[in-house]
Amino acid sequence: MRHALALAERAEREDDEIPVGAVLVSAEGEVLGEGWNRNITERDPTAHAEIVAMRQAGQRVGNHRLLGATLYVTLEPCAMCAMAMVHARVARVVYGATDPKTGAAGSVFDLLADPRHNHRVEVLGGVLGEEAGMRLTAYFRRKRGKAV
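Just so we're clear, the structure is a prediction, and the values are computed from it rather than from any experiment. (Residues numbered from 1 in each chain as written. Predicted model: local features only at pLDDT ≥ 70, side-chain atom pairs only at ≥ 80, totals over all residues. Heavy atoms only, no water.)

Asks: Please provide a residue-by-residue account of the UniProt feature "active site" (unreviewed entry) in the chain, values included.
Replies: UniProt feature "active site" (unreviewed entry): in the numbering of this structure it lies at Glu-50. Note on placement: Glu-50 falls in helix α2 (residues 49–61). Apart from the residues lying within four places of it in its own chain, the contact partners of Glu-50 are Ala-22, Leu-71, Val-73, Leu-75, Pro-77, Cys-78, Cys-81 and Met-85. (UniProt positions renumbered as here; feature names shortened; annotations may be inferred. Helix = DSSP H or I, 4+ residues; strand = E, 2+ residues; numbered from the N terminus. Contact = heavy atoms within 4.5 Å.)

Asks: Please give an account of the UniProt feature "domain: CMP/dCMP-type deaminase" (unreviewed entry) in the chain that cites residues and values.
Replies: This chain's UniProt record puts "domain: CMP/dCMP-type deaminase" (unreviewed entry) on residues 1–122. Annotated as 30% helix and 20% strand, the span residues 1–122 places its first and last C-alpha atoms 16 Å apart.

Asks: Explain the packing of α2 against helix α3 (residues 79–88) to me, and be specific about the residues and the numbers.
Replies: Orientation of α2 relative to α3, taken along the N-to-C sense of each, is 25°, at an axis distance of 9 Å. One way to sum up the angle between α2 and α3 is to call them roughly parallel. The two elements α2 and α3 cross, and the hand of that crossing is left-handed. Of α3, the residues touching α2 (which contributes Glu-50, Ile-51 and Met-54) are Met-80, Cys-81, Ala-84, Met-85 and Ala-88. Tallied by class, the residues present in the contact of α2 with α3 amount to 7 nonpolar, no polar and 1 charged. (Axes fitted to C-alpha atoms, helices over the stretch in contact; angles between N-to-C directions. Parallel < 35°, antiparallel > 145°, perpendicular 65-115°, else oblique. Left-handed = near helix turned anticlockwise from the far one by under 90°. Nonpolar A, V, L, I, M, F, W, Y, C, P; charged D, E, K, R; others polar.)

Asks: Hey, could you go over the environment of Pro-19 for me, with residue numbers and the actual values?
Replies: Note that Pro-19 resides in the loop between α1 (2–15) and β1 (21–25). Classification of Pro-19 as buried rests on a relative accessible area of 1%. In the structure, Pro-19 is positioned 38 residues away from Ala-57 in sequence and 21 Å away in space, judged by C-alpha atoms. Ignoring sequence-local partners within four residues, the contact set of Pro-19 consists of Ala-8, Ala-11, Glu-12, Thr-74, Arg-135, Leu-136 and Tyr-139. (Buried < 20%, exposed > 50% of the residue type's maximum accessible area, 1.4 Å probe, protein only.)

Asks: Residue-level account of the side chain of Asn-37, with values.
Replies: Here Asn-37 is to be found in the loop between β2 (31–36) and α2. One polar contact links the side chain of Asn-37 to the main-chain amide nitrogen of Ala-49, over a distance of 2.9 Å. Dropping the residues within four chain positions of it, Asn-37 is found in contact with Ala-11, Glu-17, Ile-18, Val-20, Ala-47, His-48 and Ala-49. (Polar contact = N/O pair within 3.5 Å; in protein donor to acceptor, adjacent residues only side chain to side chain.)

Asks: Summarise the pairing of β1; cite the residues concerned and give the values.
Replies: In terms of residue burial, β1 counts as a mostly covered element, since 5 of its 5 residues are buried. Of the two faces of β1, the one lined by Gly-21, Val-23 and Val-25 and the one lined by Ala-22 and Leu-24 are each fully buried. Where β1 hands over to β2, the hairpin turn is made up of 5 residues, of which Gly-29 adopts a positive phi near 90°. When β1 meets strand β3 (residues 70–75), the two strands line up antiparallel, connected through 4 bridges. In the sheet register, Val-25 faces β3, and the bridge partner there is Thr-70. (Pairing = 2+ DSSP bridges.)

In structure tokens, the structure reads:
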């Protein structure tokens, strides 16, 4: 999760993107893919940190299935990212801050554990969540011209 937080910091520092970072790790502990939010920079609504990391991992392993992998992400996944994880057969997601507006890993929706899917993703939330949440809050306060 520390690596994902460092990627989130790069998102903000290098690209002025919302500071969300993600790292996808194999069952053996090898980093398969990583990324940060790039949807503004790339003018791509799907370029969330999780999607960037999964795309990189898919290219690296030569497969659209990411079996046994764990995705570490600093913010609870949205519905788009959650369903991409289901389709990729990601084994587990570990996230930092919860997203009370669009969270799809238990906060607003619970797409990853929905029994109607043929694959369910194990979820662990709140890992370094306070740190991740404070980074997001500070980013939006700066953007809105409020004191940090």
